[in-house]
Amino acid sequence: MTQSTTPTYFQKEQFSWDGMYLHYGENRDFIARFKYGRKPYKTWINFLVKNFTVEEYLGLIKNHHMMNGLTPLAALESKGFKSPNRRRWG
């Protein structure tokens, strides 16, 4: 018997922004860090809600520092995301 899990979709109300880090949900799962320049966190939230499930995104970025995951930006770019700065310049 296989256990099926229902995908969890991002909900905008569950995101929290503290000025540098974007987290999600009650467990405050790490979503991204914005350290320089403009803070396009709202653009990220909109893209995540439209294109990813929670499990899919967190699975992609899990342990990115240990080479078996993607950076948050690379994870979004895998589905066609272009940051506001990149859209402006090309």
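Residues numbered from 1 in each chain as written. Predicted model: local features only at pLDDT ≥ 70, side-chain atom pairs only at ≥ 80, totals over all residues. Heavy atoms only, no water.

### Considerations on the sheet that holds strand 3 (residues 29-33)
Counted only if it meets this: Here, a strand pair is defined by DSSP locating no fewer than two bridges between the strands. Working definition: helices are DSSP H or I runs of at least four residues, strands are E runs of at least two. Numbering for both runs from the N terminus. To obtain each axis, a line is fitted to C-alpha atoms, and for helices this fit is confined to the stretch in contact; angles are then taken between N-to-C directions over 0 to 180 degrees. Whether two residues touch is decided by their heavy atoms; if any such pair falls within 4.5 Å, the residues are in contact.
In space, the three strands of this open sheet follow the order 1-2-3, with antiparallel pairing throughout. Every other strand in the sheet has two partners, leaving strand 1 (15-17) and strand 3 as the edge strands with one partner each. Averaged over all neighbouring strand pairs, the angle between strand axes comes to 25 degrees, with direction disregarded. For strand 2 (residues 21-24) and strand 3, the ladder comprises four bridges, and the chain directions are antiparallel. Bridge pairing links Tyr24 to Asp29 in strand 3. Helix 2 (residues 54-61) rests against strand 2 and strand 3 of the sheet, and its axis sits at about 65 degrees to strand 3.

### Description of the packing of aromatic side chains
Stated formally: Pairing of aromatic side chains here covers Phe, Tyr and the six-membered ring of Trp, requires ring centres within 6.5 Å, and sorts the geometry by plane angle: under 30 degrees stacked, over 60 edge-to-face, intermediate tilted. Three exposure classes are used, based on accessible area relative to the maximum for each residue type with a 1.4 Å probe and protein chains only: buried under 20%, partly exposed in between, and exposed over 50%. In this scheme, the term charge over a ring applies when either NZ of a lysine or CZ of an arginine sits within 6 Å of the ring centre and within 35 degrees of the ring normal.
Under the definition given, this model contains 12 aromatic pairs. Pairing Phe47 with Phe52 gives two aromatic rings, centres 6.4 Å apart and planes at 55 degrees, and the pair type is tilted. The class of Phe47 is buried, set by a relative accessible area of 15%. Given the relative accessible area of 2%, Phe52 is considered buried. Feature note: the residues Phe10, Phe15, Trp17, Tyr24, Phe34, Tyr41, Trp44, Phe47, Phe52, Tyr57 and Phe81 constitute an aromatic cluster, connected by ring pairs. Note that Lys79 overlies the ring of Phe52, its terminal NZ or CZ placed 4.6 Å from the centroid.

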